[in-house]
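Observations on the three-dimensional arrangement
So the chains spell out like this:
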Amino acid sequence: MPIEALFLLKKIISALILPPTSLVLLAFLGLWLSREHPKTGRTLATLSLATLLILSLPVTGNALQQSLETERPISVAQLKEVQAIVILGGGKNNAAPEFSDQDTVNRWTLQRLRYGAFLQEQTGKPILVTGGAPFGGRPEADAMAETLERDFKAKAIWIEDQSKDTAENAAFSATILKEHGIQRIALISQAWHLPRAIKLFEQQGFTVYPAPTGYTHEDNEPIIRWLPKASALDKSAIALKEYLGLLANTTQ
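Presented here is an overview of the structure given in this document. All values reported here derive from a predicted model rather than from experimental measurement.

Now for the packing of helix α8 (residues 166-179) against helix α9 (residues 194-203). Across the interface, α8 lies against α9 with an axial gap of 9 Å and an inter-helix angle of 35°. Of the two possible hands of crossing, α8 and α9 adopt the one that is right-handed. Two secondary-structure elements touch here, α8 through T166, A167, N169, A170 and S173 and α9 through R196, A197, L200 and F201. Broken down by class, the residue content of the contact of α8 with α9 amounts to five nonpolar, three polar and one charged.

In structure tokens form, the structure reads like this:
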């Protein structure tokens, strides 16, 4: 099977396993079972919908993401040890109308780039951006480099533009970094994404100094925390995906 097809299959399976799809499918299964097994079917449907509701609460989504945010901001002492800054791609906006229909970085990636430029200003270290184009179009790393240079005036940027996921970010970036004699890196990503990313880069032989950004914040209004929101369900799904990734990495 072609690599592109395998990547797409991986995405489809992930979408089926994670909420909301998995829970909606289980609810439909419960309704179907209830025709011949009323108690079992109703129980399955009720539990599925109740879980979906719980995962849609801001208090749940925030708690799940914050449970992954175990790394503190990078320290001044750690920055002195760093030889290069690696920024992981967090996605892109395809054919953005406001940028003449060109592919550009999304909000997560922009947040990471801003922090990377900030750290380069403090250290003068080179930056590597990593991210390909698994579904076609412009490689994410190209858009990242453009944004760093144009909007943040960053310098000395290396580009890794072939990777399709975090594991490939680490593997393909390793080739470039080792060519330049880099062994100690500051790794930038969302705070909830770093636990998995750190392990993957350490497996490539690097000393990794985590540089998290985009920490999860609670809603200021206590009542809002208990009202279901689509954005809260998204946070829950993201956190569960990260935990699945960590589990898969430990079993390899």
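Turning to the layout of surface pockets, a few remarks are in order. Quantified by volume, the largest pocket comes out at close to 1400 Å³. The wall of the largest pocket is formed by 44 residues, among which K11, D165, T166, R196 and K241 lie closest to the centre. Those elements that place two or more of their residues in the lining of the largest pocket are α1 (3-17), β2 (92-96), α6 (107-123), α8, α9 and α10 (230-251). Top contributing element to the lining of the largest pocket by residue count: α10, with nine residues.

Turning our eyes to something else, we now look at the nonpolar core. Buried together is how nonpolar side chains tend to be arranged in soluble globular proteins. Counting residues in each nonpolar core, the largest one holds 23 residues, and the members touching the most others are I74, I87, L119, V129 and L148. Broken down by secondary-structure element, the contributors of at least two residues to this core are β1 (84-88), α6, β4 (127-130), α7 (140-152), β6 (184-190) and β7 (207-213). Ranked by residues supplied to this core, first place goes to α7 with five residues. Once you skip the residues sitting within four places of it in the chain, L119 turns out to touch I74, L79, I85, I188 and A211. Formed by 19 residues, the second largest nonpolar core is a distinct cluster that contains I182, I185, F201 and V208.

The rules we used
Just so you know, the residues in each chain are numbered from 1, in the order the chain's sequence is written. Local features are withheld for residues below a pLDDT of 70 in this predicted model, meaning they are given only at 70 or higher, and side-chain atom pairs are given and counted only at 80 or more; totals for whole chains, interfaces and linings count all residues. The side-chain quantities take in all heavy atoms of the structure and omit both hydrogens and water. Fitted lines through C-alpha atoms give the axes, limited to the stretch in contact for helices. The angle between two N-to-C directions lies from 0 to 180 degrees. Only DSSP runs of H or I covering at least 4 residues are called helices, and only runs of E covering at least 2 are called strands; the numbering of each starts at the N terminus. The handedness criterion is simple: a crossing whose near helix is rotated anticlockwise from the far helix by less than a right angle is left-handed, and one whose near helix is rotated clockwise is right-handed. We call two residues in contact whenever any of their non-hydrogen atoms come within 4.5 Å of each other. Note on residue classes: Ala, Val, Leu, Ile, Met, Phe, Trp, Tyr, Cys and Pro are nonpolar, Asp, Glu, Lys and Arg are charged, and everything else, Gly too, is polar. A cavity here means a set of points on a 1 Å grid, drawn over the protein atoms and nothing else, where a 1.4 Å probe fits but cannot get out; a pocket is an open set with protein on both sides within 12 Å along at least five of seven lines, and a residue lines either one if it has an atom within 4 Å of a point. Grid points are joined across faces, edges and corners, and a volume is the space filled by probe spheres set on the points. Nonpolar core, defined: a set of buried Ala, Val, Leu, Ile, Met, Phe, Trp, Tyr and Cys residues in which side-chain atoms within 4.5 Å join the residues together. Residue exposure (1.4 Å probe, protein chains only): buried if accessible area is under 20% of the type maximum, exposed if over 50%, otherwise partly exposed.

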